[in-house]
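Observations on chain architecture
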Amino acid sequence: MALTQADILRALELVKLPASGQSLAASGRVNNILIDGGKVIFAIGIDATEADAMEPVRKQAESAVSGLPGVTQVLVGLTADKAPSSAAAQARSQAHRPAPGPGGPPPKAAGVPGVKQIIAVASGKGGVGKSTTTANLAVALSVLGLKVGVLDADIYGPSVPKIFGITGKPKLISGRTLAPMEAYGLKIMSIGFLIDEETPMIWRGPMVISAITQMLREVAWGELDVLVVDMPPGTGDAQLTMAQQTPLAGAVIVSTPQDLALLDARRGVAMFRKVEVPILGVVENMSYFICPECGHRSDIFAHGGARHEAERLGVPFLGEVPLAMSIRETSDSGRPIVASDPDSAHAKAYLAIARQVQAGLSGAVRAAPRIVIE
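The notes below deal with the structure included here.

A tally of helices and strands in the protein chain yields 12 helices and 15 strands. Within the protein chain, buried positions represent 50% of all 374 residues. Restricting the contact set of the protein chain to residue pairs at least 6 apart, pairs at least 24 apart contribute 73%. Of the roughly 17,300 Å² that the protein chain leaves accessible, carbon and sulfur atoms contribute 54%.

Bringing the nonpolar core into the picture now. Burial of nonpolar side chains together is a common tendency in soluble globular proteins. Among the nonpolar cores identified, the biggest contains 87 residues, and Phe-164 and Phe-272 are the most heavily contacted of them. Per-element accounting of this core gives the leading share, seven residues, to helix α12 (residues 345–361).

Turning to the pairing of strand β11 (residues 248–255), a few remarks are in order. The two faces of the sheet receive side chains in turn, since in a regular strand these alternate between them. Counted residue by residue, β11 has seven buried out of eight residues, so it is predominantly covered. In this structure, strand β4 (residues 115–122) lies alongside β11, joined through five bridges in parallel fashion. Residue Ala-120 lies in a different strand from β11, and its bridge partner there is Ala-251. Taken together, the five bridges between β11 and strand β12 (residues 279–284) define a ladder with parallel strand orientation. In the sheet register, Ser-255 faces β12, and the bridge partner there is Glu-284.

Attention now goes to helix α1 (residues 5–12). Among the residues making up α1, those that are buried are Ile-8, Ala-11 and Leu-12. One face of α1 carries all of its buried residues, which in axial projection span an arc of 100 degrees. In this fold, the buried residues of α1 make contact with β1 (30–36), β2 (39–47) and α2 (51–66).

Before going further, it helps to examine the packing of helix α4 (residues 130–143) against α12. Two numbers describe how α4 lies on α12: the axes approach to 8 Å, and their chain directions differ by 70 degrees. As judged from the angle between their axes, α4 and α12 are roughly perpendicular. In this structure, α4 contributes Thr-132, Thr-133, Asn-136, Leu-137, Ala-140, Leu-141 and Val-143 to the contact, and α12 contributes Tyr-350, Leu-351, Ile-353, Ala-354, Val-357 and Gln-358.

Our focus in this paragraph is the sheet that holds β12. Sheet strands associate in pairs through backbone hydrogen bonding, adopting either a parallel or an antiparallel arrangement. Judged by pairing direction, the sheet is mixed, and its eight strands sit side by side in the order β8-β9-β5-β10-β4-β11-β12-β15 without closing on themselves. Pairing within the sheet leaves two strands with one partner each, and these edge strands are β8 (181–183) and β15 (317–320). Sheet twist, expressed as the average angle between the axes of neighbouring strands with direction ignored, equals 25 degrees. Pairing geometry for strand β5 (residues 148–152) and strand β9 (residues 186–190), over four bridges, is parallel. Note that in β9 the partner of Gly-149 across the bridge is Lys-187. Most of the contacts of α12 go to β15, to which it runs at about 175 degrees, and overall it touches β4, β10 (224–230), β11, β12 and β15.

This next bit is on helix α10 (residues 325–332). Residues Ile-327, Thr-330 and Ser-331 constitute the buried set of α10. On an axial view of α10, the arc spanned by its buried residues comes to 100 degrees, and they lie on one face. Looking at the buried side of α10, the elements it contacts are α4, α5 (160–164), α11 (337–340) and α12.

A few words now on the packing of helix α8 (residues 259–274) against helix α9 (residues 305–313). α9 packs onto α8 with a crossing angle of 35 degrees between their chain directions and a minimal axis gap of 11 Å. Of the two possible hands of crossing, α8 and α9 adopt the one that is right-handed. Residue-level inspection shows Leu-262, Arg-266, Val-269 and Arg-273 of α8 in contact with α9, the latter providing Gly-305, Ala-306, Glu-309, Arg-312 and Leu-313. Partitioned by chemical class, the residues of the contact of α8 with α9 number four nonpolar, one polar and four charged.

Conventions used here
- Residues numbered from 1 in each chain as written.
- Predicted model: local features only at pLDDT ≥ 70, side-chain atom pairs only at ≥ 80, totals over all residues.
- Heavy atoms only, no water.
- Helix = DSSP H or I, 4+ residues; strand = E, 2+ residues; numbered from the N terminus.
- Buried < 20%, exposed > 50% of the residue type's maximum accessible area, 1.4 Å probe, protein only.
- Contact = heavy atoms within 4.5 Å.
- Areas by Shrake-Rupley, 256 points an atom, 1.4 Å probe, with all protein chains shown as cover.
- Core = buried A, V, L, I, M, F, W, Y, C linked by side-chain atoms within 4.5 Å.
- Pairing = 2+ DSSP bridges.
- Arc of directions from axis to C-beta.
- Axes fitted to C-alpha atoms, helices over the stretch in contact; angles between N-to-C directions.
- Parallel < 35°, antiparallel > 145°, perpendicular 65-115°, else oblique.
- Left-handed = near helix turned anticlockwise from the far one by under 90°.
- Nonpolar A, V, L, I, M, F, W, Y, C, P; charged D, E, K, R; others polar.

No statement about biological role is implied by the geometric values presented.
Below is the structure:
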């Protein structure tokens with residue numbers, strides 16, 4: 001018999017809130033229940049000051065639902081949709097917040113055990129090739145000798161499983177910890193591994209943030225030099241919270257050359273600067289098109305706009321990647337071009353970008369070479 005939301009709420013009647021003793025099911029705090037076969041995902045609404053006190057409740061809720069027949073996996077998040085409900089609550093929040101030193105910065109986000117550096121690949125808008133860039137950049141960094149992981153944080157449109165040709169589900173190692181999937185020497189995690197391909201992700205921002213945080217911190221990444229995060233497109237609450245709560249070593253901005261895309265890329269740079277994340281540089285994707293039949297070059301989306309924008313903003317320009325059928329074909333078939341055709345001119349373009357990123361992470365950004373692919 002298929003699981004229902006009523007089954008979930010009945011199980012949560014056994015979970016009591018610490019202050020009132022009221023059942024979690026009756027409290028009205030449970031929302032966004034999603035059932036996908038044996039997988040159950042839901043959120044518990046809390047006040048911003050209740051995070052520590054409600055963490056045991058979250059664990060009890062997870063345990064209660066895990067015991068239901070047919071349940072194979074449970075993901076529960078705490079979501080603070082509202083500001084503290086009273087002046088007293090705000091005062092308590094301030095009292096428990098660590099005070100920064102005189103003139104010092106706010107406390108940094110906690111790191112991920114075993115992961116030396118985390119970088120975000122972001123775009124101000126969708127459709128500019130961010131996920132393809134993420135995949136090929138990650139493979140290229142691995143070719144350069146780094147131990148690399150990929151986190152697909154694009155919850156609404158997870159593309160990483162398709163690009164890497166990975167099927168199946170990650171294994172649960174112990175407790176809530178998942179083993180990452182692997183391909184081309186990379187460790188990979190995506191919400192796309194946990195849901196059916198055609199399941200729509202009808203989630204509000206807090207639930208998205210909770211899912212990203214759990215994939216980041218409850219995966220056995222092992223020892224990594226770099227974790228490359230494929231960020232959701234845009235500059236909304238999910239992106240801003242991710243940037244604030246994750247110790248990012250830097251961000252790579254992907255844009256196409258035309259003015260409309262560059263306008264959104266500019267917002268992406270501004271967002272990361274706002275939260276003091278270094279900009280490793282800008283990539284101009286779909287920079288130009290070379291006709292495979294006649295060799296004629298067409299600047300379909302204009303050309304050079306990302307380079308000029310990077311110069312204007314005072315951030316590094318990492319390089320150009322053309323609009324090419326081979327890049328599209330290898331991505332669609334689950335064989336990133338850096339891995340499937342490493343000697344191609346297109347793979348060399350990604351490798352050049354990866355060298356710039358590696359240099360940026362070490363604090364020695366070099367001038368981006370001009371690579372024209374004939």
